[in-house]
Every structure is written in C-alpha cells, then in structure tokens.
Amino acid sequence: MSCRCDICPNKCLIKENDFGICGVRKCSGDRIELPCYGMLSALSVDPIEKKPLYHFYPGSSILSAGFYGCSLSCPFCQNYHISKEFPKPSGRITSPEQLVETAVSEGSFGIAYTYSEPVVHYEYIIDASKIASKKGLKNVLVTNGYINDFKTNKFLENIDAVNIDLKSFSDDFYRMELGGRLEPVLDFIRAAAESVHTEVTTLVIPGKNDSLEEISAAAGFLASFDKNIVYHLSAYYPAYKYSAPPTDPGRLVLLAEKASEYLPFVFTGNITGGVQNTKCPSCGNELINRSAYHTRITGITDGLCSNCETDITELGIIM
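Since we're looking at a predicted model, the values are computed, not measured. (Residues numbered from 1 in each chain as written. Predicted model: local features only at pLDDT ≥ 70, side-chain atom pairs only at ≥ 80, totals over all residues. Heavy atoms only, no water.)

S.K.: Which residues make up the overall build of the chain, and what values go with them?
M.R.: From N to C terminus, the chain includes eight helices and 17 strands. Over its C-alpha atoms the chain spans a radius of gyration of 19 Å, differing by no more than 12% from the 20 Å that the globule rule assigns to 319 residues. Principal axes of the C-alpha set define a box for the chain whose edges measure 65 × 45 × 30 Å. For the chain, buried positions account for 52% of its 319 residues. Taking as baseline every contact in the chain between residues at least 6 positions apart, the subset at least 24 positions apart corresponds to 63%. Split by element, the accessible area of the chain, about 13800 Å² in all, is 47% carbon and sulfur. Charge-centre separation for the chain: the mean point of 29 positive side chains lies 6 Å from the mean point of 37 negative side chains. (Helix = DSSP H or I, 4+ residues; strand = E, 2+ residues; numbered from the N terminus. Rg over C-alpha atoms; globule rule 2.2 N^0.38 Å. Buried < 20%, exposed > 50% of the residue type's maximum accessible area, 1.4 Å probe, protein only. Contact = heavy atoms within 4.5 Å. Areas by Shrake-Rupley, 256 points an atom, 1.4 Å probe, with all protein chains shown as cover. Lys, Arg positive; Asp, Glu negative; His and termini not counted. Charge placed at Lys NZ, Arg CZ, Asp CG, Glu CD.)

S.K.: Give a description of the nonpolar core that names residues and reports values.
M.R.: Counting 71 residues, the largest nonpolar core has F76, L99, Y113, L166, Y231 and L233 as its most contacted members. A per-element tally of this core places helix α3 (residues 122-134) first, with six residues. The contacts of L166, once residues within four sequence positions are left out, are Y174, L182, V185, L186, I189, V200, T201, T202 and A218. Grouped together as the second largest cluster of nonpolar side chains are twelve residues, V230, I288, C305 and L315 included. (Core = buried A, V, L, I, M, F, W, Y, C linked by side-chain atoms within 4.5 Å.)

S.K.: Talk me through the sheet that holds strand β14 (residues 286-291); I want residue IDs and the actual numbers.
M.R.: With respect to topology, three strands assemble into an open sheet ordered β13-β14-β15, the strand pairing being antiparallel. For this open sheet the edge positions go to β13 (278-279) and β15 (294-297), each flanked by a neighbour on one side alone. By the bridge criterion, two bridges tie β13 to β14 in an arrangement that is antiparallel. Note that in β14 the partner of K279 across the bridge is E286. (Pairing = 2+ DSSP bridges.)

S.K.: I'd like a description of the pattern of salt bridges, backed by residues and values.
M.R.: For the structure on display, the rule yields eleven salt bridges. Notably, a salt bridge pairs D165 with K167, separated by 3.7 Å at the nearest N-O pair. The class for D165 is partly exposed, based on a relative accessible area of 23%. On the accessibility criterion, K167 (15% relative accessible area) is buried. Through salt bridges that share partners, E183, D187 and R190 make up one connected network. (Salt bridge = Lys/Arg side-chain N within 4 Å of Asp/Glu carboxyl O.)

S.K.: Can you explain the layout of surface pockets? Please cite residues and give values.
M.R.: In this structure, the largest pocket occupies an estimated 1200 Å³ of space. Taken together, 46 residues line the largest pocket, and the ones lying closest to its centre are K50, K51, P52, Q78 and N79. Mapped by element, the contributors of at least two residues to the lining of the largest pocket are α1 (80-83), β8 (138-143), β9 (161-165), β10 (197-204), β11 (230-235) and β12 (266-269). For the lining of the largest pocket, the residue count by class is 19 nonpolar, 20 polar and seven charged. (1 Å grid on protein atoms, 1.4 Å probe; cavity = no way out; pocket = protein on both sides within 12 Å on 5 of 7 lines; lining within 4 Å. Points joined across faces, edges and corners; volume = space filled by probe spheres on them. Nonpolar A, V, L, I, M, F, W, Y, C, P; charged D, E, K, R; others polar.)

S.K.: Break down the side chain of T143 for me, with residues and values.
M.R.: Here T143 lies in strand β8. By relative accessible area, T143 is classed as buried at 1%. Residues in contact with T143, not counting those within four places in the same chain, are E117, P118, V119, N163, I164, D165 and F188.

S.K.: Tell me about the state of the cysteines, and name the residues and values.
M.R.: Evaluated as defined, the whole model comprises one disulfide. The disulfide partner of C3 is C27, and the S-S distance across this bridge is 2.2 Å. Handedness of the C3-C27 disulfide follows from its S-S torsion of about 55°: it is right-handed. One end of the pair, C3, is in strand β1 (residues 2-4); the other, C27, is in strand β3 (residues 26-28), and 24 residues separate them in sequence. (Disulfide = S-S within 2.5 Å.)

What follows is the structure, encoded as structure tokens:
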C-alpha cells in the first residue's frame, strides 16, 4: 500500500506508515495524514521586518508560529534544526483556535506562519488562517513557494501577505543543490503577486548565486509583472552542510544596486548598514527609516509622500 502526496511538486509516493521528503506528511491506509497537525516548533512575537516584510504594516509586531519539516533539502539551511527535525506524535498541540486566541491576547495585528516550511502543513494553515481572518487578523506566509499550482488558490484564500524565498534563478541550482525545480516557485510568485502583498528574498551565497547576471535576471523577472515588488538580498553565513565564507557586504550592496536597475525597492539583509531605507521612487524622499529592526515612518503624511505627495498605496506600501 502506498499514497501519492499532491501538496508540492515532489509528488512523493509514500509507503504505508512512512513519510514524504518533508518528513511530516505520512501515508496512512490509502490517504495522506499530517500527524504533527498543530505541533509548533516556536511561537513568538517578532517585528514584521524580521519576516522580512518591509512594506506591509511597517513598524508593527506579529505573532510568529514556527513549524517542522521542509519540501526542499537546502544544504545551507539557516533553520536546519527544525526543517530537518521532526516532532514526536506526542508533542504539544496548538489548535488553530488557540493560535488565534494567542495572537489576540498578545495584541498582534496578525499571525505569521514561518521559520520552517508552512506549505507542508497545508491543512493547518488553511484552518488557522480562516479563523484568524474572521477575527480581523492578518495572515502572513514565509515560504519557499514550492507548491503545486492547483493548490495555490486555496492556500492563499485567507492570506494577506507573503515573503517567498527565491533560492536562485537557476533551475540547475534547484535540481542539484535543493532537490527541487525553479518553475513551480516562479509560478507561485506570479500567483501570489496577483492576489496578496508579495515580497521576495534571495539568500546570496558566494560562488553559487551571486553573479550580476543571475541577480539581474531575477530582478527583471519580478519587474515584468510587478514593478513595485520588494526584493530582499540577504547575506549568507555558514550553516548546516555549507562551509563557504559569509557573503561579502560590499558584494551584496553591489548586487542590490544592480537589481535596482529593474526595481525601485531592493534591500540588503543580514549585514550592518547596507540598503535598508525606503525612498520615494518619484523624488528620492526617505519614506521609511530602518536600523536593524527599529523602524520609523519619516516621510509619509496622510498616506502620501511628504515631499511630492505620491500615494504610497500606488507604491505597494500597506500601513
């Protein structure tokens, strides 16, 4: 007896009582189960900028729920201790209702599903986001975007914002390094950008995905359907199976400058300084100032640029 999982493009054929590549979806009889439904790896209140989301309620804090398992096998995973660690069936369960109650009691404006991969916890995300939405809370996904397209609309139904990891703009990199494919991720980015606030992050790894040509191609792809989409270039540090040296901050800034030829909102992360502040693309006025996770609204008045009166909603900034 075996079952086929249809959540992500891995399409795992799973033997009875065994798990798929993600480590959390199990074949039981003739159907797929999620034994760790509601088992969270972490629960904390974070700055929204930590997701990272820079143009979605900037300066706010959000309850962040972490998970276990992942559909990709990134050898440089920064959260490998939970993406490759799987909970015991007897672990503590946080029901969707309890999660929403916690968000309300913490005074959070929403819930972020994050840390490890939420896609493989598909059913829980759908249940929790629906309840949260009815309570007037915002729902945020931080995801690798590796999901089958016929599952996307349901998955995003009650989601308000996403940050999607674009690991590379090379299909060879996805296949050889991660055990996945690029095209499904690009499809998800397009679909998300059509329906919810979308920002994209690339972890820049020396010698792997840090060429000017690749970052230009990624930025050009994003600009082709949303010229105001936020693109984060984040510095890599040695983790899990990778021992390559950390990303050079100067290189990261150079790549951000290159991506800025296509997109007005490109930021650097995981380094001191760099490109962090949001400036009005029309006049150059500073709209939002950031120092680490401390955020100040400096150039927005009544929803307009305080200098040239550009409407910030036209720039994709949600406050």
